[in-house]
Amino acid sequence: MLFATVSRGKNRGTRLHPHRFKDNRYHVQLGKQGPFIPVTDPRDIACYLSNGYSLQMSDADGLPPSLIRPESIQGWSPD
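In what follows, the accompanying structure is described. (Residues numbered from 1 in each chain as written. Predicted model: local features only at pLDDT ≥ 70, side-chain atom pairs only at ≥ 80, totals over all residues. Heavy atoms only, no water.)

Moving on, we come to the overall build of the protein chain. Tallying secondary structure elements over the protein chain gives one helix and six strands in all. Going residue by residue from the N terminus, the α and β elements of the protein chain occur as β-β-β-β-α-β-β. Relative to the 2.2 N^0.38 estimate, which gives 12 Å for 79 residues, the radius of gyration of the protein chain is 12 Å and therefore close to what a compact globule would have. Principal axes of the C-alpha set define a box for the protein chain whose edges measure 30 × 30 × 25 Å. Across the 79 residues in the protein chain, those meeting the buried criterion constitute 32%. Across the protein chain, every contact between residues at least 6 apart in sequence was considered, and the portion connecting residues at least 24 apart equals 43%. (Helix = DSSP H or I, 4+ residues; strand = E, 2+ residues; numbered from the N terminus. Rg over C-alpha atoms; globule rule 2.2 N^0.38 Å. Buried < 20%, exposed > 50% of the residue type's maximum accessible area, 1.4 Å probe, protein only. Contact = heavy atoms within 4.5 Å.)

Okay, the pattern of salt bridges next. Two side chains of opposite charge can pair, provided their charged atoms sit close to one another. Evaluated as defined, the whole model comprises three salt bridges. Residue Asp-41 is joined to Arg-43 by a salt bridge in which the shortest nitrogen-to-oxygen separation is 2.7 Å. Classification of Arg-43 by relative accessible area gives exposed; the value is 70%. Glu-71 is paired through a salt bridge with Arg-69; the nearest N and O atoms lie 2.9 Å apart. Per residue, the accessibility class of Glu-71 equals that of Arg-69, and both read exposed. (Salt bridge = Lys/Arg side-chain N within 4 Å of Asp/Glu carboxyl O.)

Within the secondary structure, Ile-73 sits in the segment after strand S6 (66-68). Relative accessible area serves as the criterion here: at 6%, Ile-73 is assigned to the buried category. In the structure, Ile-73 is positioned 44 residues away from Gln-29 in sequence and 14 Å away in space, judged by C-alpha atoms. Beyond its immediate stretch of four places on either side in the chain, Ile-73 contacts Leu-2, Phe-3, Ala-4, Leu-49, Leu-55, Met-57 and Ile-68.

Once that is clear, we can look at the nonpolar core. Of all hydrophobic cores here, the largest spans 15 residues; its most connected members are Leu-2, Ile-45, Leu-49, Leu-55, Met-57 and Ile-73. Mapped by element, the contributors of at least two residues to this core are strand S3 (26-29), helix H1 (45-50) and strand S5 (54-58). Non-local contacts of Leu-55, meaning those with residues more than four positions away in its chain, are made with Leu-2, Pro-18, His-27, Val-28, Ile-45, Leu-49, Ser-66, Leu-67, Ile-68 and Ile-73. (Core = buried A, V, L, I, M, F, W, Y, C linked by side-chain atoms within 4.5 Å.)

On to the pairing of S5. With respect to burial, S5 is a largely interior element, five of its five residues being buried. Side-chain alternation along S5 places Ser-54, Gln-56 and Ser-58 on one buried face and Leu-55 and Met-57 on a second face that is also buried. Pairing of strand S2 (residues 15-18) with S5, which is carried by two bridges, proceeds in the antiparallel orientation. Looking at the pairing, Pro-18 lines up with Met-57 of S5. Pairing analysis gives two bridges linking S3 to S5, with the strands arranged antiparallel. Within S5, the position partnered with Gln-29 by the bridge is Ser-54. The sheet contact formed by S5 and S6 spans three bridges and is antiparallel. Counterpart to Leu-55 in the pairing with S6 is Ile-68. (Pairing = 2+ DSSP bridges.)

Laid out in structure tokens, this is it:
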């Protein structure tokens, strides 16, 4: 299971998970300005992370999704 932990700010320590948008897909993108790529199968996310894509992640309590870099995401291996 992929997750990241907020490291600073008022939500420090909050655990984030891949955010599923209303279209039932996850969003990955290269950098903040790049267009997002919708991903339907969560098993495909690790492939994008290994290629340097960032992932939109949020918590279960309604924080808006944040773009998280692959090196900050745990639960996957680049191998």
